[in-house]
Amino acid sequence: MKTIRRVSRTLRPIFFGCEITYRKAQKDDLMQVFKWSNDPITRNNSYNSGTISLETHQQWFNKKLNDASSIIYMAEVNGQPAGMVRYEVLATHSVVGVLIDPDHRGRGLASIFLQATANLFFENHSVSIWAYIKKTNQASIKSFERAHYKKLKDELVEGIESTIYCLDKNYL
(Lines give C-alpha, C1' and ligand atoms only; values in the text may rest on other atoms or scores of the structure.)
Protein backbone atom coordinates (compact mmCIF):
# COMPACT_ATOMS: atom_id res chain seq x y z
CA MET A 1 0.00 0.00 0.00
CA LYS A 2 2.93 2.32 0.69
CA THR A 3 4.01 2.05 -2.94
CA ILE A 4 0.53 2.89 -4.20
CA ARG A 5 0.36 6.01 -2.04
CA ARG A 6 3.85 7.07 -3.13
CA VAL A 7 2.94 6.57 -6.80
CA SER A 8 -0.20 8.66 -6.48
CA ARG A 9 1.68 11.35 -4.61
CA THR A 10 4.86 11.61 -6.70
CA LEU A 11 3.57 11.19 -10.26
CA ARG A 12 0.84 13.78 -10.54
CA PRO A 13 1.57 15.71 -13.70
CA ILE A 14 -0.85 18.28 -14.92
CA PHE A 15 -1.73 17.59 -18.55
CA PHE A 16 -3.83 20.29 -20.17
CA GLY A 17 -5.58 20.95 -16.87
CA CYS A 18 -5.90 17.26 -15.99
CA GLU A 19 -4.38 15.57 -12.98
CA ILE A 20 -2.94 12.13 -13.81
CA THR A 21 -2.36 9.50 -11.12
CA TYR A 22 -1.21 5.88 -11.21
CA ARG A 23 -2.00 2.95 -8.96
CA LYS A 24 -1.71 -0.81 -8.98
CA ALA A 25 -4.73 -2.62 -10.39
CA GLN A 26 -7.19 -4.14 -7.95
CA LYS A 27 -9.99 -6.71 -8.19
CA ASP A 28 -12.49 -3.85 -8.55
CA ASP A 29 -10.87 -2.92 -11.89
CA LEU A 30 -11.91 -6.18 -13.54
CA MET A 31 -14.98 -4.87 -15.38
CA GLN A 32 -13.29 -1.63 -16.52
CA VAL A 33 -10.37 -3.56 -18.02
CA PHE A 34 -12.83 -6.05 -19.54
CA LYS A 35 -14.71 -3.19 -21.25
CA TRP A 36 -11.49 -1.66 -22.61
CA SER A 37 -10.18 -5.05 -23.73
CA ASN A 38 -13.28 -5.72 -25.83
CA ASP A 39 -13.35 -2.31 -27.49
CA PRO A 40 -13.39 -2.90 -31.30
CA ILE A 41 -10.24 -0.83 -31.93
CA THR A 42 -8.42 -2.66 -29.12
CA ARG A 43 -9.46 -6.04 -30.50
CA ASN A 44 -8.36 -5.02 -34.02
CA ASN A 45 -4.90 -4.02 -32.77
CA SER A 46 -4.44 -7.13 -30.62
CA TYR A 47 -2.75 -10.29 -31.83
CA ASN A 48 -5.80 -12.24 -30.67
CA SER A 49 -8.55 -10.19 -32.28
CA GLY A 50 -11.51 -12.25 -31.11
CA THR A 51 -13.95 -11.02 -28.49
CA ILE A 52 -13.01 -12.02 -24.95
CA SER A 53 -15.67 -13.71 -22.82
CA LEU A 54 -16.23 -12.44 -19.30
CA GLU A 55 -15.32 -15.84 -17.86
CA THR A 56 -12.01 -15.92 -19.77
CA HIS A 57 -11.25 -12.35 -18.74
CA GLN A 58 -12.03 -13.05 -15.06
CA GLN A 59 -9.63 -16.01 -15.04
CA TRP A 60 -6.90 -14.05 -16.82
CA PHE A 61 -7.29 -10.89 -14.70
CA ASN A 62 -7.32 -12.72 -11.35
CA LYS A 63 -4.29 -14.77 -12.40
CA LYS A 64 -2.38 -11.60 -13.37
CA LEU A 65 -3.24 -9.83 -10.11
CA ASN A 66 -1.76 -12.77 -8.18
CA ASP A 67 1.28 -13.27 -10.42
CA ALA A 68 4.48 -11.68 -9.06
CA SER A 69 5.86 -11.40 -12.61
CA SER A 70 2.86 -9.34 -13.76
CA ILE A 71 2.49 -5.66 -12.89
CA ILE A 72 -0.66 -3.77 -13.84
CA TYR A 73 -0.91 -0.02 -13.38
CA MET A 74 -4.17 1.84 -13.72
CA ALA A 75 -3.92 5.43 -14.95
CA GLU A 76 -6.55 7.91 -13.85
CA VAL A 77 -7.28 11.36 -15.22
CA ASN A 78 -9.00 13.64 -12.74
CA GLY A 79 -9.82 10.59 -10.63
CA GLN A 80 -11.47 8.66 -13.49
CA PRO A 81 -10.02 5.48 -15.06
CA ALA A 82 -8.33 6.38 -18.35
CA GLY A 83 -5.98 3.52 -19.14
CA MET A 84 -3.95 0.54 -18.08
CA VAL A 85 -0.30 -0.39 -18.58
CA ARG A 86 0.74 -3.99 -17.95
CA TYR A 87 4.25 -5.40 -17.60
CA GLU A 88 5.10 -9.09 -17.85
CA VAL A 89 8.55 -9.64 -16.33
CA LEU A 90 10.57 -12.38 -18.01
CA ALA A 91 14.13 -13.58 -17.37
CA THR A 92 15.83 -11.41 -20.01
CA HIS A 93 13.31 -8.60 -20.57
CA SER A 94 9.73 -7.60 -19.85
CA VAL A 95 6.81 -7.15 -22.22
CA VAL A 96 4.51 -4.14 -22.01
CA GLY A 97 0.93 -3.70 -23.10
CA VAL A 98 -1.23 -0.59 -22.91
CA LEU A 99 -4.98 0.05 -23.06
CA ILE A 100 -6.50 3.51 -23.36
CA ASP A 101 -10.12 4.28 -22.59
CA PRO A 102 -11.80 5.09 -25.94
CA ASP A 103 -12.95 8.46 -24.54
CA HIS A 104 -9.32 9.41 -23.86
CA ARG A 105 -7.76 8.35 -27.16
CA GLY A 106 -6.09 10.89 -29.42
CA ARG A 107 -4.93 13.10 -26.55
CA GLY A 108 -1.35 11.81 -26.29
CA LEU A 109 -2.00 10.08 -23.00
CA ALA A 110 -0.59 6.68 -23.99
CA SER A 111 2.97 8.00 -24.21
CA ILE A 112 2.57 9.81 -20.88
CA PHE A 113 1.21 6.65 -19.22
CA LEU A 114 4.03 4.56 -20.75
CA GLN A 115 6.77 6.92 -19.56
CA ALA A 116 5.42 7.31 -16.04
CA THR A 117 4.84 3.61 -15.47
CA ALA A 118 8.24 2.73 -16.98
CA ASN A 119 9.80 4.95 -14.31
CA LEU A 120 7.85 3.02 -11.67
CA PHE A 121 8.84 -0.30 -13.26
CA PHE A 122 12.54 0.59 -13.27
CA GLU A 123 12.46 1.40 -9.56
CA ASN A 124 12.40 -2.38 -8.92
CA HIS A 125 13.52 -3.98 -12.20
CA SER A 126 16.54 -3.59 -14.44
CA VAL A 127 15.51 -5.67 -17.48
CA SER A 128 14.58 -3.79 -20.63
CA ILE A 129 10.96 -3.39 -21.67
CA TRP A 130 9.84 -4.70 -25.05
CA ALA A 131 6.67 -3.75 -26.93
CA TYR A 132 5.32 -5.94 -29.74
CA ILE A 133 3.24 -3.79 -32.09
CA LYS A 134 1.45 -4.63 -35.32
CA LYS A 135 2.86 -2.53 -38.16
CA THR A 136 -0.69 -1.43 -38.98
CA ASN A 137 -1.10 0.08 -35.50
CA GLN A 138 0.40 3.49 -36.24
CA ALA A 139 -1.14 5.14 -33.17
CA SER A 140 0.71 2.75 -30.84
CA ILE A 141 3.94 3.08 -32.80
CA LYS A 142 3.80 6.86 -32.38
CA SER A 143 2.95 6.55 -28.68
CA PHE A 144 5.89 4.26 -27.97
CA GLU A 145 8.27 6.45 -29.95
CA ARG A 146 7.10 9.52 -28.00
CA ALA A 147 7.69 7.53 -24.81
CA HIS A 148 11.37 7.09 -25.87
CA TYR A 149 11.13 3.46 -26.93
CA LYS A 150 13.65 2.58 -29.66
CA LYS A 151 12.93 0.33 -32.62
CA LEU A 152 14.66 -2.98 -32.00
CA LYS A 153 13.60 -5.01 -35.04
CA ASP A 154 10.85 -6.01 -37.42
CA GLU A 155 9.53 -9.52 -36.95
CA LEU A 156 6.59 -11.76 -37.74
CA VAL A 157 4.60 -12.24 -34.54
CA GLU A 158 1.92 -14.91 -34.79
CA GLY A 159 2.23 -14.54 -38.57
CA ILE A 160 1.61 -10.77 -38.44
CA GLU A 161 4.14 -8.15 -39.56
CA SER A 162 5.22 -6.38 -36.39
CA THR A 163 7.79 -4.04 -34.99
CA ILE A 164 9.44 -4.62 -31.65
CA TYR A 165 10.33 -1.56 -29.61
CA CYS A 166 12.62 -1.51 -26.59
CA LEU A 167 13.08 0.78 -23.62
CA ASP A 168 16.18 0.38 -21.52
CA LYS A 169 16.56 1.89 -18.08
CA ASN A 170 19.42 3.99 -19.50
CA TYR A 171 17.10 5.60 -22.12
CA LEU A 172 15.15 7.53 -19.49
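Look above for the structure.
Residues numbered from 1 in each chain as written. Predicted model: local features only at pLDDT ≥ 70, side-chain atom pairs only at ≥ 80, totals over all residues. Heavy atoms only, no water.

J.: Would you mind going over the packing of aromatic side chains with me for this structure?
T.: Counted according to the given criterion, the structure contains 7 aromatic pairs. Residues W130 and Y132 carry aromatic rings whose centres are separated by 6.3 Å and whose planes lie at 50° to one another, so their mutual orientation is tilted. These aromatic residues form a ring-pair network of at least three members: Y73, Y87, F121 and F122. (Phe/Tyr/Trp six-rings, centres within 6.5 Å; stacked < 30°, edge-to-face > 60°.)

J.: What should I look at first to understand the environment of Q58 in this one?
T.: Note that Q58 resides in helix 4 (residues 54-65). A residue is classified by how much of its surface remains accessible, and Q58, at 32% relative accessible area, is partly exposed. Each C-alpha atom, one on Q58 and one on K27, is 9.6 Å from the other, the two residues being 31 residues apart in sequence. (Helix = DSSP H or I, 4+ residues; strand = E, 2+ residues; numbered from the N terminus. Buried < 20%, exposed > 50% of the residue type's maximum accessible area, 1.4 Å probe, protein only.)

J.: What is the right way to read helix 2 (residues 30-37) from this model?
T.: Residues lying three or four places apart along an α-helix face the same way, a consequence of the helix completing one turn every 3.6 residues. Three or more residues of helix 2 are buried, namely L30, V33, F34, W36 and S37. Buried residues of helix 2 fall within an arc of 165° about the axis and therefore sit on the same side. The inward-facing, buried residues of helix 2 abut helix 3 (40-45), helix 4, strand 3 (70-77), strand 4 (80-89) and strand 5 (93-100). (Arc of directions from axis to C-beta. Contact = heavy atoms within 4.5 Å.)

J.: Would you take a moment to explain unusual backbone geometry for this structure?
T.: In terms of backbone geometry, most residues other than glycine have negative phi values and most peptide bonds are trans. One non-glycine residue, H148, lies in the positive phi region at around 75°. Assignment of secondary structure puts H148 in the loop between helix 6 (138-146) and strand 7 (150-157). Even without glycine at this site, E158 takes up a positive phi of about 50°. By the secondary structure assignment, E158 is in the loop between strand 7 and strand 8 (160-167). Residue E158 is classed as exposed on the basis of its relative accessible area of 63%.

J.: Looking at this model, I keep getting lost on the layout of surface pockets. Mind explaining?
T.: A probe as big as a water molecule, rolled over the atoms, marks out the empty space that is left. When its volume is computed, the largest pocket comes out at roughly 1300 Å³. If you trace the largest pocket, you find 42 residues lining it, with T42, S46, G97, V98 and L99 closest to the centre. Among the secondary structure elements, those contributing two or more residues to the lining of the largest pocket are helix 3, helix 4, strand 4, strand 5, helix 5 (109-124), strand 6 (128-134) and helix 6. Residue classes in the lining of the largest pocket are distributed as 19 nonpolar, 15 polar and 8 charged. (1 Å grid on protein atoms, 1.4 Å probe; cavity = no way out; pocket = protein on both sides within 12 Å on 5 of 7 lines; lining within 4 Å. Points joined across faces, edges and corners; volume = space filled by probe spheres on them. Nonpolar A, V, L, I, M, F, W, Y, C, P; charged D, E, K, R; others polar.)

J.: Just to check I follow, could you spell out the side chain of K64 for this structure?
T.: Relative to the elements of secondary structure, K64 occurs in helix 4. Within the structure, K64 has its side chain in polar contact with the side chain of E88 (distance 3.3 Å). Those residues in contact with K64 that lie beyond four places of it in its chain are S70, I72, R86 and E88. (Polar contact = N/O pair within 3.5 Å; in protein donor to acceptor, adjacent residues only side chain to side chain.)

J.: Would you take a moment to explain the pattern of salt bridges for this structure?
T.: Pairing is possible between side chains of opposite charge, provided their charged atoms come close. For the structure on display, the rule yields 8 salt bridges. Close ionic contact of D39 with R105 constitutes a salt bridge, the shortest N to O distance being 2.8 Å. Placement of the pair is D39 in the loop between helix 2 and helix 3 and R105 in the loop between strand 5 and helix 5, with a sequence separation of 66 residues. Residue classification places D39 among the buried residues on the basis of a relative accessible area of 13%. The salt bridge involving K135 is made with D154; its shortest N-O contact spans 3.3 Å. Of this pair, K135 sits in the loop between strand 6 and helix 6 while D154 sits in strand 7, placing them 19 residues apart in sequence. Owing to a relative accessible area of 40%, D154 belongs among the partly exposed residues under this scheme. Put simply, R23, D29 and E76 are held in one network by salt bridges that share partners. (Salt bridge = Lys/Arg side-chain N within 4 Å of Asp/Glu carboxyl O.)

J.: Explanation requested: the pairing of strand 5 in the structure shown.
T.: The side chains of a regular strand alternate, residue by residue, between the two faces of the sheet. In the sheet, strand 4 pairs with strand 5 via 7 bridges, with the strands oriented antiparallel. Bridge pairing links V89 to S94 in strand 5. Hairpin connection from strand 4 to strand 5: 3 residues lie between these consecutive antiparallel strands. In this sheet, strand 6 lies alongside strand 5 in parallel orientation, the contact comprising 3 bridges. Across the sheet, residue H93 finds its bridge partner in strand 6, namely S128. Handedness of the crossover joining strand 5 and strand 6 through helix 5 is recorded here as right-handed. (Pairing = 2+ DSSP bridges. Right-handed = clockwise from strand over helix to strand, strands pointing away.)

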